[in-house]
Amino acid sequence: MTTNTTNTNTNTTTDTNDSTVFRLGGDLPVRRIGYGTMRLADGPSDPTGPEARIWTAPADRAAAVRLLRTAADAGVTLFDTADAYALGAGEELLAEALAPYGDEVAVATKVGVVRPSPTEWVPLGHPAYLRQQAELSLRRLRTERIDLLYLHRLDENVPVAEQLGALRRLREEGKVRHIGLSEVTVAQLAEAEAEAPVAAVQNLYNLAARDHEAVLEHTAGRGIAFVPFFPIAMGGHAAPGGPVAEVARELGATPSQTALAWLLHRAPHVLPIPGTSSERHLKENLGALDVRLTDEQFARLSAAPAS
């Protein structure tokens, strides 16, 4: 975000020759491992994993704020949230921790999903609703322009042209720098691109879930960032003696670092956004930027079938 001059992060680089940096939309340099904030919600007694509700603000707010600041100090430059995370409390938490944002901190958020209950995530793409939610996100994030605004999900009941048109209008008004999409197919992405420039696609993708290979390839050819969420899931690959453990031993890395390194090796436009509520895991994840797979190791990991 560029609405003020305070710089939270003092350790990042914007060297265009640095393989750990990608320029979102061609003009916004970010390190290739970001931080997904979804897990900074709910309390210790609430469900976790696929059953997590992401319904209330974190029980230990001070700890969550410290973790976000630690991430920025450690070199994270891309922070990912959504208006649907804890009904806007996720955005408020990010602002409390990092606002005013310096030029080297980019914030991505999402609009287009309503939460009528803790277990429901319902796409709603009416243009007026999308514009209203973007205005609320601007207030909660305490900024005048959102670096990357995703359409959280396409609403099959609203024409794509109308949904993207709402985001394009926000961009033209200077309230959004770049537009993104989440969980889309190649056909949906192509239809969206006909209405507005798309800078990033955030889909489920990891060693165990590679259904979006075609989307990854399409984005590679168009300079669009491919942002895998749940990037560390490894399925059967993580078994003792399995390919991840074997390659991790060879590299002197952890399995999580190896899974992230596989994503980074996959293509230079891939930007994983692992989330964690642990400072130790945060620093472990960022260490993957220093892990280099050989082509043979990458091929060995890729050869194991996805779950």
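See the structure shown above.
Residues numbered from 1 in each chain as written. Predicted model: local features only at pLDDT ≥ 70, side-chain atom pairs only at ≥ 80, totals over all residues. Heavy atoms only, no water.

Participant: I would appreciate a short explanation of the packing of helix α1 (residues 61–73) against helix α9 (residues 279–286) in the present structure.
Facilitator: The description of two packed helices rests on the angle between their axes and on the distance between the axes. Running from N to C, α1 and α9 cross one another at 20°; their axes reach a closest spacing of 10 Å. Classified by the angle between their axes, α1 and α9 sit roughly parallel to one another. α9 is crossed by α1, and the crossing has right-handed handedness. Taking contact as the criterion, the partners of Leu-67, Thr-70 and Ala-71 in α1 are, on α9, Glu-279, Leu-282 and Lys-283. For the contact of α1 with α9, the per-class residue count stands at 3 nonpolar, 1 polar and 2 charged. (Axes fitted to C-alpha atoms, helices over the stretch in contact; angles between N-to-C directions. Helix = DSSP H or I, 4+ residues; strand = E, 2+ residues; numbered from the N terminus. Parallel < 35°, antiparallel > 145°, perpendicular 65-115°, else oblique. Left-handed = near helix turned anticlockwise from the far one by under 90°. Contact = heavy atoms within 4.5 Å. Nonpolar A, V, L, I, M, F, W, Y, C, P; charged D, E, K, R; others polar.)

Participant: Would you explain the packing of α1 against helix α2 (residues 89–98) in this entry?
Facilitator: The geometry of α1 relative to α2 is characterised by a closest axis approach of 9 Å and an angle of 60° between their N-to-C directions. One finds that α1 runs oblique with respect to α2. For the pair α1 and α2, the sense of crossing is right-handed. Note on element contacts: α2 touches α1 through Glu-92, Leu-93, Leu-94, Glu-96, Ala-97 and Leu-98, opposite Arg-61, Ala-64, Val-65, Leu-68, Arg-69 and Ala-72.

Participant: Would you mind going over the nonpolar core with me for this structure?
Facilitator: Grouped burial of nonpolar side chains is what soluble globular proteins tend to show. Phe-79 and Leu-164 are the most contacted members of the largest nonpolar core, which has 69 residues in total. Excluding its chain neighbours within four sequence positions, the residues that come into contact with Leu-164 are Leu-151, Leu-154, Ile-179, Leu-181, Ala-192, Glu-195 and Ala-196. Listed in part, the 15 residues of the second largest apolar core include Leu-148, Ala-200, Ala-225 and Val-227. (Core = buried A, V, L, I, M, F, W, Y, C linked by side-chain atoms within 4.5 Å. Buried < 20%, exposed > 50% of the residue type's maximum accessible area, 1.4 Å probe, protein only.)

Participant: Which parts of the structure should I look at to understand the packing of aromatic side chains?
Facilitator: Taken as a whole, this structure holds 6 aromatic pairs when the rule is applied. Between Tyr-85 and Trp-121, the aromatic rings sit 6.4 Å apart at their centres with planes inclined by 70°, giving edge-to-face as the arrangement. Note that Tyr-85 is positioned in the loop between β4 (78–80) and α2 and Trp-121 in the loop between β6 (113–114) and β7 (122–123), a separation of 36 residues in sequence. You can call Trp-121 partly exposed: its relative accessible area is 35%. Pairwise contacts between aromatic rings join Tyr-205, Phe-226, Trp-262 and Phe-298 into one cluster. When the ring centre of Trp-121 is taken as origin, the NZ or CZ atom of Arg-115, which lies over that ring, is 3.8 Å away. (Phe/Tyr/Trp six-rings, centres within 6.5 Å; stacked < 30°, edge-to-face > 60°. Lys NZ or Arg CZ within 6 Å of the ring centre and 35° of its normal.)

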